[in-house]
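Notes for the structure review
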Amino acid sequence: MKPVQQPIPQEVTKHVAEYFSILSEPMRLKILNLLRDEERCVQELVEATKTSQANVSKHLKVMLQAGILSRRTEGTSAYYCVEDELTFELCHLVCDRLAARIEQQAQHFRAFSVSNKPRNRPSTGESEAEAPS
């Protein structure tokens, strides 16, 4: 007999939803990708994303508060790196799932395209204009 599943507490679902909402912002994903292999200072991220320092700083703050990034300062510069490597595993799972769905859709389109190909008429050697009426 299958055990009865208990409902997930509302506080837990709220935290999970907040975490996913942090990763749902395209600029944050772009920043995470830039930080994948090495730490970077804010100015490097501004140049790489071609957006304002205020915009980059806003997204860095959100990810820092969520524990996704860590920060260190050196002189007047702030350097960020990925603290939670599990974030990349999650992104990898999502990307693999999306790729599989896209490939499946492509197969459906190919199947539709092949099944709806016009059939060639057998050639009689005469063009329609020359054929007797």
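For the structure, check the block above.
For clarity, every value in this text was computed on a predicted model and none was experimentally measured. (Residues numbered from 1 in each chain as written. Predicted model: local features only at pLDDT ≥ 70, side-chain atom pairs only at ≥ 80, totals over all residues. Heavy atoms only, no water.)

1. So, the side chain of threonine 49
Looking at where threonine 49 falls in the secondary structure, it is placed in helix H3 (residues 42-49). Within the structure, the side chain of threonine 49 is placed 2.7 Å from the backbone oxygen of leucine 45, a separation counted as a polar contact. Within polar-contact distance, the side chain of threonine 49 engages the backbone oxygen of valine 46 at 3.4 Å. Aside from chain neighbours lying at most four places away, what touches threonine 49 is Met27, Lys30, Ile31, Leu34 and Val56. (Helix = DSSP H or I, 4+ residues; strand = E, 2+ residues; numbered from the N terminus. Polar contact = N/O pair within 3.5 Å; in protein donor to acceptor, adjacent residues only side chain to side chain. Contact = heavy atoms within 4.5 Å.)

2. Digging into the pairing of strand S3 (residues 77-82)
As paired elements, strand S1 (residues 40-41) and S3 share two bridges and run antiparallel to each other. Counted as the bridge partner of arginine 40 is tyrosine 80 from S3. Between the end of strand S2 (residues 69-74) and the start of S3, which pair antiparallel, lie two residues, with glycine 75 showing a positive phi angle near 65°. (Pairing = 2+ DSSP bridges.)

3. So, the nonpolar core
By size, the foremost hydrophobic cluster in this structure holds 19 residues, and its most contacted members are Ile31, Leu32, Leu60 and Leu69. Of all elements in the fold, only helix H1 (10-23), helix H2 (26-34), H3, helix H4 (53-65) and S3 reach the threshold of two or more residues within this core. Of all the elements, H2 adds the most residues to this core, at four residues. Once you skip the residues sitting within four places of it in the chain, leucine 60 turns out to touch Ile31, Val42, Leu45, Leu69 and Tyr80. (Core = buried A, V, L, I, M, F, W, Y, C linked by side-chain atoms within 4.5 Å. Buried < 20%, exposed > 50% of the residue type's maximum accessible area, 1.4 Å probe, protein only.)

4. Some details on the sheet that holds S2
Pairing in this open sheet of three strands is antiparallel, and the strands run S1-S3-S2 from one edge to the other. A strand with exactly one partner marks an edge of an open sheet, and here the two such strands are S1 and S2. As paired elements, S2 and S3 share six bridges and run antiparallel to each other. Opposite leucine 69, over in S3, you have valine 82 as the bridge partner. Each of S2 and S3 touches H4; the most contacted strand, S2, lies at about 120° to it. (Axes fitted to C-alpha atoms, helices over the stretch in contact; angles between N-to-C directions.)

5. Remarks on the packing of H2 against H3
In contact at an axis separation of 11 Å, H2 and H3 are set at 120° when each is read in the N-to-C sense. In terms of axis orientation, H2 runs oblique to H3. Crossing of H2 over H3 shows right-handed handedness. Between H2 and H3, the residues in contact are Met27, Lys30, Ile31 and Leu34 and Leu45, Ala48 and Thr49, respectively. Residue composition of the contact of H2 with H3, grouped by class: five nonpolar, one polar and one charged. (Parallel < 35°, antiparallel > 145°, perpendicular 65-115°, else oblique. Left-handed = near helix turned anticlockwise from the far one by under 90°. Nonpolar A, V, L, I, M, F, W, Y, C, P; charged D, E, K, R; others polar.)

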